[in-house]
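Summary of the model geometry
For reference, the chains in residue letters:
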Amino acid sequence: MRGHDWINTALPDELIVEIFRCLDSKISRDACSLVCRRWLKLERLSRTTLRIGATGSPDLFVQLLARRFVNVRNVHIDERLAISISLHPRRRRRKEAMRLPYHATDNTGAEGALESSCLSDAGLFALSVGFPNLEKLSLIWCSNISSHGLTTLAEKCKFLKSLDLQGCYVGDQGVAAVGEFCKQLEDVNLRFCEGLTDTGLVALAHGCGKALKAFGIAACAKITDVSLEAVGVHCTYLETLSLDSEVIHNKGVLSVAQGCPHLKVLKLQCMNVTDEALVAVGSLCPSLELLALYSFQEFTDKGLRAIGIGCKKLKNLTLSDCYFLSDMGLEAVAAGCKELTHLEVNGCHNIGTMGLESIARSCIQLTELALLYCQKIANSGLLGVGQSCKFLQALHLVDCSKIGDEAICGIAKGCTNLKKLHIRRCYEIGNAGIIAIGENCKFLTDLSLRFCDRVGDEALIAIGKGCSLHQLNVSGCHRIGDVGIAAIARGCPQLSYLDVSVLENLGDMAMAELGEGCPLLKDVVLSHCHQITDAGIMHLVKWCTMLESCHMVYCPGISAAGVATVVSSCPSIKKILVEKWKVSERTKRRAGSVISYLCVDL
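Identification of the protein chain as F-box domain-containing protein from Citrullus colocynthis is taken from an unreviewed UniProt entry.

Structure, rendered in structure tokens:
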């Protein structure tokens with residue numbers, strides 16, 4: 001019957017709430033909440049997560065959200081973000097009204113205004129009162145909170161399981177209170193918490209050590225081996241340790257290895273830790289699955305051999321700027337860690353072709369490989385990967401001067417499941433290798449060829465015929481022009497991200513082809529494209545109405561009219577990067593909040 005409400009009269013509140021919880025997108029939830037007052041109220045009850053950026057009055061904002069979303073379990077506050085992420089569509093005047101009391105009564109000058117835009121202890125109190133069943137809390141760079149506010153929160157939110165205090169200047173008293181009251185805490189991140197000392201960390205480990213599974217710390221100059229010794233004693237079920245410190249030595253890492261046999265993830269950037277600690281990890285942590293070593297001047301093949309012998313379950317290995325590691329260490333890992341699926345070698349100048357060949361022979365389950373600044377690895381290393389590692393899905397190459405088309409052809413023919421290929425400044429790779437990728441890797445969706453100056457239109461024609469890309473970056477490939485991008489437009493209708501910056505031969509024809517062929521395009525980078533004009537921009541945005549970001553600095557053919565065209569044609573636009581003088585006053589009034597300026601006074 002027309003005009004009859006079949007849903008609200010038939011379905012109880014509990015069933016409607018359950019339906020809302022099954023919705024997989026925020027847009028769908030917001031749309032449902034606008035149907036009627038009942039749905040708005042029930043949709044709020046179904047929300048379990050809040051994400052908040054910087055606001056003009058964060059304490060008041062938190063109080064408002066706490067009243068409206070009473071069943072929230074997860075709260076993420078990140079003051080690095082320039083705008084607040086609201087969970088419900090709000091009109092501009094309501095936002096201004098909410099901020100008005102702060103701005104109208106602010107007589108404290110710039111310093112007071114700055115403080116009012118940062119979450120304070122009052123905001124933490126509002127969180128603890130409004131969400132007593134809170135389970136996960138992230139406070140990223142909330143520099144205005146203190147131990148007092150954290151203590152209040154800990155006393156009321158005793159079900160807390162995850163706490164991220166990255167960049168918060170809290171002291172020992174607050175962290176100790178978390179250990180005392182939050183006995184279910186499993187995950188804690190204290191990166192860049194410069195106010196902490198061993199006193200707070202020891203109390204935290206003693207208080208909630210039996211539940212703690214993940215622990216992260218970085219750039220805390222007052223945290224020494226004493227804290228890690230406490231972790232080793234009390235946190236026997238620890239599975240993840242991320243450590244970046246200049247004051248930690250072998251003693252602390254040894255304590256963790258001895259006391260935490262269930263360790264699965266270990267990330268270390270500690271300049272004073274040596275092979276002794278890594279040997280202990282290899283012999284005492286057989287469950288280790290991920291190992292990342294950054295900027296080590298003391299590690300040698302001896303430590304890596306211990307990992308190969310003892311850590312048979314290792315699946316993910318990252319070696320970054322470890323100058324004294326060589327092929328022998330990588331060969332030991334290959335011999336012992338047959339389950340390895342992810343390998344990254346970054347700036348380890350003594351690792352070469354032989355090490356990679358040993359990985360290829362032994363680790364046939366490899367799915368992701370990254371070789372960055374590896375000047376000693378030649379074609380034969382990647383040829384081995386192509387022959388043995390049939391499950392490879394992602395390959396990253398940066399500044400590998402000895403790798404050329406022969407290696408890429410080998411990857412293309414052997415690794416037909418490849419989905420992601422990122423290459424940057426590998427000057428021996430040209431059309432032949434990329435054409436082979438297009439002919440053989442039908443599942444490729446993400447292709448990046450930054451500053452590969454031997455790659456031209458012929459390569460993109462093959463990619464357009466053989467692959468359905470979602471993301472493409474050909475920045476700095478000066479041989480690519482309208483013909484290559486047009487081929488992508490015709491063959492890749494699912495394309496959502498495109499970077500064609502610094503392509504001086506690219507013109508309006510390619511923009512027209514993209515507009516007609518890629519309606520799902522959301523992000524486009526056109527900077528330093530001298531041949532693109534306002535006409536090309538008009539053709540692009542005529543059909544690409546879902547565009548969210550557009551970078552077009554140093555494009556002399558694009559004027560204020562082109563910028564205005566993007567603003568008026570793309571209702572979803574969130575960011576435009578352009579020179580300031582190309583933005584008219586009318587465009588500023590209409591979309592000033594989404595326009596960014598790279599160079600103000602050009």
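Structure shown, so let's carry the discussion forward.
**Regarding the pairing of strand 12 (residues 368-372)**
Within a regular strand, side chains alternate between the sheet's two faces. Counting buried positions over the 5 residues of strand 12 gives 4, a clear majority of the element. As judged from the 5 bridges shared by strand 11 (residues 342-346) and strand 12, these two strands associate in the parallel manner. For Val345, the partnering residue across the bridge sits in strand 12 and is Leu371. Read as a crossover between parallel neighbours, the route from strand 11 over helix 17 (residues 353-362) to strand 12 is right-handed. Looking at chain direction, strand 12 and strand 13 (residues 394-398) are connected through 5 bridges and run parallel. The partner of Leu372 across the bridge, within strand 13, is Val398. This β-α-β element, strand 12 to helix 18 (residues 379-388) to strand 13, shows right-handed connectivity.

**Here we look at the packing of aromatic side chains**
Evaluation of the coordinates by the stated rule reveals 2 aromatic pairs. Ring geometry for Phe296 against Phe299: centres 4.1 Å apart, planes inclined by 20°, an arrangement best described as stacked. For the pair Phe296 and Phe299, a shared accessibility class is recorded, and that class is buried.

**A few points about the UniProt feature "domain: F-box" (unreviewed entry) in the protein chain**
In the numbering used here, UniProt assigns the feature "domain: F-box" (unreviewed entry) to residues 11-52. As annotated, residues 11-52 has a helix share of 67% and a strand share of 10%, and its two end C-alpha atoms lie 32 Å apart.

What counts, and where the lines are drawn
Residues numbered from 1 in each chain as written. Predicted model: local features only at pLDDT ≥ 70, side-chain atom pairs only at ≥ 80, totals over all residues. Heavy atoms only, no water. Buried < 20%, exposed > 50% of the residue type's maximum accessible area, 1.4 Å probe, protein only. Helix = DSSP H or I, 4+ residues; strand = E, 2+ residues; numbered from the N terminus. Pairing = 2+ DSSP bridges. Right-handed = clockwise from strand over helix to strand, strands pointing away. Phe/Tyr/Trp six-rings, centres within 6.5 Å; stacked < 30°, edge-to-face > 60°. UniProt positions renumbered as here; feature names shortened; annotations may be inferred.

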